[in-house]
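Close look at the chain arrangement
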Amino acid sequence: MENVRIPAFFYRGGTSKAIIFKGSDLPKSKEVRDKLFLHVMGSPDPYQRQLNGLGGGISSLSKVAIVDKSERDDADVDYTFVQVVVDKPVADYAAMCGNISSAVGPFAVDEAMVSATDGMATVRIYNTNTDKIFHAVFLVKNGKAVERGDFEIPGVAGTGAEVALNFIDPGGAATGAFLPTQTPHEMLYAEGVGEIKASLVDASNPVVFVRAQDLDCSATDHPDTFDNDASLMRRLDSVRRAGGVAMGMATTPENVPLSNPKIAVVDGPAEFISLDGSIYGKETHDIAIRIVSMGKTHRAVTLTGAMCLAAAVRVPGTIPNQLAREGQPIRIGNPSGVLPIEAEVICSDQNQYRAVSTTSYRTQRRLMEGSVLAPTQFIEEKNDNETDSLSNHRFKRQLP
């Protein structure tokens, strides 16, 4: 059987993992690309393990990033994020991954897509999913991004070199507005729930924030407690979909994408036990969160969700603002520990709030480099009236 070999790079970025491709190595057709991504990840898998691919069976381990040199004056590279759904034939472009963002700058330097001298480097990155710019700042030595260091992040064993991510003007990433309904909170009607108070905020990614007590759960519960409660998960998704309609992301709850908005239950600081068994007192954090991503409770907190939460805390009247202890940075208690996020929000004379920036700190590591294999037959199929043949690709080989 003849296969095509396509250069690929396997990375951990923050608390996620992804396969990173250079855009120049991929077919032009989105339809063909998506088929390739599903094949490489092992989706769809009804067993939700992705054993026939490189995915890990959960959303944080089933991700793809595409990096290209940018033609924009304000960016060095373009970054497109693709969430590959584990159990459905879906490659979703509706959201941006903050964790994988930490790997994009180092990747660009290591692959000589961006030139950097030794010392602290800044790579300007344009995210195509959200039409937003962020800067990655990290240490470079001998022309390569430094990976080893003593910086530790919740949810990742060991330490690494710090990568600072500064998201510029992150408001309205998906909806066009920091507060899509122009109010800090409102009442939603969700099927199976009834009326519930929610804050609808869009910074880096849109999130529906609700009080944990309003859904009879706790923002310090183990993620499995959420996932094993079918009734709670149905109610959370119902509220999420109602929020998506209110934010203008769809006209009906059924049409709201699985990837966005996220839904998060939040509460004030309280003692909790992290997944590694550590005990965190209520003095260690300013607000607690449990966030659902792609139908599963995240075992850390999505970085974009954390940045959205920190920005929401800065807006008087939002549910996060009412529950959080004020501080800079905002220390977010999540299943894997405590994550600090800096956020700057300003209010105009017209009482309109704007998220100026959010800043977080991650680590990243290149785990493997080489090629992925894909059948030539489906790479060569005609899609959208064009043929994206890689039959002459320099990485093709005949396999036994």
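Before any of the text, the structure's been laid out above.
Rules used throughout
- Residues numbered from 1 in each chain as written.
- Predicted model: local features only at pLDDT ≥ 70, side-chain atom pairs only at ≥ 80, totals over all residues.
- Heavy atoms only, no water.
- Helix = DSSP H or I, 4+ residues; strand = E, 2+ residues; numbered from the N terminus.
- Rg over C-alpha atoms; globule rule 2.2 N^0.38 Å.
- Buried < 20%, exposed > 50% of the residue type's maximum accessible area, 1.4 Å probe, protein only.
- Contact = heavy atoms within 4.5 Å.
- Areas by Shrake-Rupley, 256 points an atom, 1.4 Å probe, with all protein chains shown as cover.
- Phe/Tyr/Trp six-rings, centres within 6.5 Å; stacked < 30°, edge-to-face > 60°.
- Lys NZ or Arg CZ within 6 Å of the ring centre and 35° of its normal.
- Expected span 1.5 Å × (residues − 1).
- Polar contact = N/O pair within 3.5 Å; in protein donor to acceptor, adjacent residues only side chain to side chain.
- Pairing = 2+ DSSP bridges.
- Core = buried A, V, L, I, M, F, W, Y, C linked by side-chain atoms within 4.5 Å.
- Salt bridge = Lys/Arg side-chain N within 4 Å of Asp/Glu carboxyl O.
- Lys, Arg positive; Asp, Glu negative; His and termini not counted.

1. Description of the overall build of the protein chain
Along the protein chain, the regular secondary structure elements total 7 helices and 24 strands. The C-alpha radius of gyration of the protein chain comes to 21 Å, within 12% of the 21 Å expected for a compact globule of 400 residues. On the principal axes, the C-alpha backbone points of the protein chain span a range of 60 × 50 × 45 Å. Sorting the 400 residues of the protein chain into buried and exposed places 57% on the buried side. Within the protein chain, residue pairs in contact and separated by at least 24 positions form 64% of the contacts whose partners lie at least 6 positions apart. For the protein chain, the accessible surface area stands at approximately 16,900 Å², while carbon and sulfur atoms represent 46% of it.

2. Re the packing of aromatic side chains
Per the counting criterion, the structure on display carries 6 aromatic pairs. Seen from their ring centres, Phe-272 and Tyr-280 are 5.1 Å apart, and the 10 degrees between their planes marks the pair as stacked. Ring pairs connect the aromatic residues Phe-9, Tyr-11 and Phe-107, which therefore count as one cluster. The residue whose ring lies beneath Arg-72 is Tyr-126, and the NZ or CZ to ring-centre distance is 4.0 Å. The ring of Phe-272 carries the charged tip of Arg-290 above its face, separated from the ring centre by 5.8 Å.

3. Comments concerning the environment of Val-210
Structurally, Val-210 can be placed in strand S12 (residues 205–211). Sequence separation of Val-210 and Val-265 is 55 residues, and the distance between their C-alpha atoms is 5.1 Å.

4. Examining helix H1 (residues 30–41)
Its 12 residues place the ends of H1 16 Å apart at the C-alpha level, agreeing with the 16 Å of an ideal helix rising 1.5 Å per residue. What H1 keeps buried is the set Val-32, Arg-33, Asp-34, Leu-36, Phe-37, Leu-38, Val-40 and Met-41. Put simply, Ser-29 is the residue that caps the front of H1, since its side-chain oxygen is 3.3 Å from the backbone nitrogen of Glu-31. Directly beyond the C-terminal end of H1, a positive phi value near 90 degrees is found at Gly-42.

5. Focus: the side chain of Asn-99
Within the secondary structure, Asn-99 is located in helix H2 (residues 98–110). Judged by its relative accessible area of 2%, Asn-99 falls in the buried class. Side-chain polar atoms of Asn-99 contact the side chain of Arg-362, separated by 2.7 Å. Each residue touching Asn-99, except ones within four places of it in the same chain, is listed here: Gly-13, Gly-14, Thr-15, Ser-16, Val-301, Thr-302, Leu-303 and Arg-362.

6. Focus: the pairing of strand S11 (residues 194–203)
The buried fraction of S11 amounts to 8 of the 10 residues, a majority that puts the element mostly inside the structure. With 5 bridges joining them, strand S10 (residues 186–190) and S11 adopt antiparallel strand pairing. Following the sheet pairing, Tyr-189 is matched in S11 by Glu-195. Counting the residues between successive antiparallel strands, the hairpin from S10 to S11 contains 3 residues, one of them, Gly-192, with a positive phi of roughly 85 degrees. Pairing of S11 with S12 involves 5 bridges; the strand directions are antiparallel. When the sheet's bridge partners are listed, Leu-200 is paired in S12 with Val-208. Hairpin connection between S11 and S12: a loop of 1 residue separates the two successive antiparallel strands, and Ser-204 in this loop has a positive phi of roughly 75 degrees.

7. A short note on the nonpolar core
Judged by nonpolar contacts, the single largest core of 62 residues is most densely connected at Val-77, Tyr-79, Phe-138, Phe-178, Phe-209, Ile-287 and Ile-289. No other element matches the 9 residues that helix H5 (residues 303–313) contributes to this core. Once residues lying within four places of it in the same chain are set aside, the contact partners of Phe-138 are Gly-105, Pro-106, Val-109, Gly-119, Met-120, Ala-121, Val-123, Ala-145, Glu-162 and Val-163.

8. Some thoughts on the pattern of salt bridges
Applying the stated criterion across every chain yields a total of 15 salt bridges. The residue Asp-76 makes a salt bridge to Arg-124 at a minimum N-O spacing of 3.0 Å. Here the residue Asp-76 occupies a position in the loop between strand S3 (63–69) and strand S4 (77–84), and Arg-124 occupies one in strand S6 (residues 119–127), the gap between them amounting to 48 residues. What makes Arg-124 partly exposed here is its relative accessible area of 27%. Of the charged contacts, one joins Asp-224 and Arg-299 as a salt bridge, the two residues approaching to 3.3 Å between their closest N and O atoms. Pair noted here: Asp-224 is in helix H3 (residues 223–227) and Arg-299 is in the loop between strand S17 (296–297) and H5, with a separation of 75 residues, a long-range link. Of the residues examined, Asp-224 reaches a relative accessible area of 33% and is grouped as partly exposed. Residue Arg-299 is classed as partly exposed on the basis of its relative accessible area of 38%.

9. Comments concerning the side chain of Arg-33
Looking at the element boundaries, Arg-33 is found in helix H1. Of the buried charged residues, Arg-33 lacks a salt bridge, with Asp-68 as the closest side chain of opposite charge at 5.5 Å. Of note is the side chain of Arg-33, whose polar atom sits 3.4 Å from the backbone oxygen of Gly-23.

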